[in-house]
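Given next are the chains, with one letter for each unit.
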Amino acid sequence: SIEKNRREFGAHLTSVDIFKKFIFPEIKNVLNKYIWVDLFCGEGNLILPILDAIPKNKRIDFFKEHIFLFDVQKEMVDKSIKNVENYGIPYEVAKENIKIKDTLEDYPRFIKNLKYPVYHITNPPYLYLGYIAKNSERNLKYFSDANEGYQDLYQIGLINDLRNNIENLVYIIPVSYTHL
């Protein structure tokens, strides 16, 4: 269920409306200049709507070259693939660029060796360490070694981008972080 996944994975899905209202106006003039990545893609709502701005006869090639999505949950990857099919991208093409991957544990380094620079737009998981220690043991592994001292999965997602020198980032900030 959605609530179980929220508790276990820290997944908080973002609506397409957030993308259209706040993100797209900032990136609409540079769509062909970047690789558009979401390492915690959920249903793909923060990247896939870019395809609305791409002519239908160019969408498949654009998708192949410019869009890469990852999620740790198979159900979310399946939903993203289904959503991209609604834009006219064939399943076989979609499954090449939308993958199941635990990007908190295994950062996809290949994205840095592509034709264009990476632009990471995401709403990473957020679960704080205290909650994880009591309710979500699978996530404790992320808080060791170089990540010791961090307090939330969100922080680990962000530090992974910074460690990999990703310069172009849009992160959805949780309301609870605005009070810090």
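Residues numbered from 1 in each chain as written. Predicted model: local features only at pLDDT ≥ 70, side-chain atom pairs only at ≥ 80, totals over all residues. Heavy atoms only, no water.

1. Let's talk about the confidence of the model for the protein
Working step 1: Considering every residue of the protein, the mean pLDDT works out to 88; 89% of them sit at 70 or more.
Working step 2: Of all helices and strands in the protein, the one with the weakest mean pLDDT is helix H1 (residues 2–9) (53), whereas helix H5 (residues 91–97) scores best (98). (pLDDT = per-residue confidence, 0-100. Helix = DSSP H or I, 4+ residues; strand = E, 2+ residues; numbered from the N terminus.)

2. Regarding helix H3 (residues 59–66)
One turn of an α-helix holds 3.6 residues; hence residues three or four places apart share an orientation.
Working step 1: The complete set of buried residues in H3 reads Arg59, Phe62, Phe63 and His66. Projection of H3 onto a plane perpendicular to its axis shows the buried side chains occupying an angular sector of 100°, all on one side.
Working step 2: In the core, the buried residues of H3 are packed alongside strand E1 (35–38), strand E2 (67–71), helix H4 (74–85), H5 and strand E3 (98–100). (Buried < 20%, exposed > 50% of the residue type's maximum accessible area, 1.4 Å probe, protein only. Arc of directions from axis to C-beta. Contact = heavy atoms within 4.5 Å.)

3. Details of the pattern of salt bridges
Working step 1: Across all of its chains, the model carries seven salt bridges by this definition.
Working step 2: The shortest N-O distance in the salt bridge between Asp102 and Lys141 comes to 3.8 Å. Of the two residues, Asp102 is situated in the loop between E3 and strand E4 (118–122) and Lys141 in the loop between helix H6 (129–135) and helix H7 (153–163); the sequence distance between them amounts to 39 residues.
Working step 3: Judged by its relative accessible area of 15%, Asp102 is buried.
Working step 4: Judged by its relative accessible area of 40%, Lys141 falls in the partly exposed class.
Working step 5: Here the residues in one salt-bridge network are Asp102, Glu105 and Lys141, joined through shared partners. (Salt bridge = Lys/Arg side-chain N within 4 Å of Asp/Glu carboxyl O.)

4. Here we look at the sheet that holds E1
Picture the strands of a sheet paired through backbone hydrogen bonds; they go either parallel or antiparallel.
Working step 1: Pairing in this open sheet of five strands is parallel, and the strands run E3-E2-E1-E4-E5 from one edge to the other. Sheet topology places E3 and strand E5 (168–171) at the edges, where each strand pairs with a single neighbour. Averaged over all pairs of adjacent strands, the angle between their axes in this sheet comes to 15°, without regard to strand direction.
Working step 2: Sheet strands touched by H3: E1, E2 and E3. Its angle to E2, the strand with the most contacts, is close to 60°.
Working step 3: Relative to the sheet, H7 contacts E4 and E5, its axis offset from that of E5 by approximately 170°. (Pairing = 2+ DSSP bridges. Axes fitted to C-alpha atoms, helices over the stretch in contact; angles between N-to-C directions.)

5. Remarks on the nonpolar core
Working step 1: Within the largest apolar cluster, 28 residues are counted, with the highest numbers of intra-cluster contacts made by Ile27, Trp36, Leu51, Phe63 and Ile67.
Working step 2: Within the residue set of this core, elements represented by two or more residues are helix H2 (16–27), H3, E2, H4, H5 and E4.
Working step 3: Filtering out sequence-adjacent residues up to four positions away, Leu51 remains in contact with Arg59, Phe62, Phe63, Ile67, Val84, Tyr87 and Ile89.
Working step 4: With 18 residues, the next largest nonpolar core counts Ile111, Leu127, Leu153 and Ile166 among its residues. (Core = buried A, V, L, I, M, F, W, Y, C linked by side-chain atoms within 4.5 Å.)

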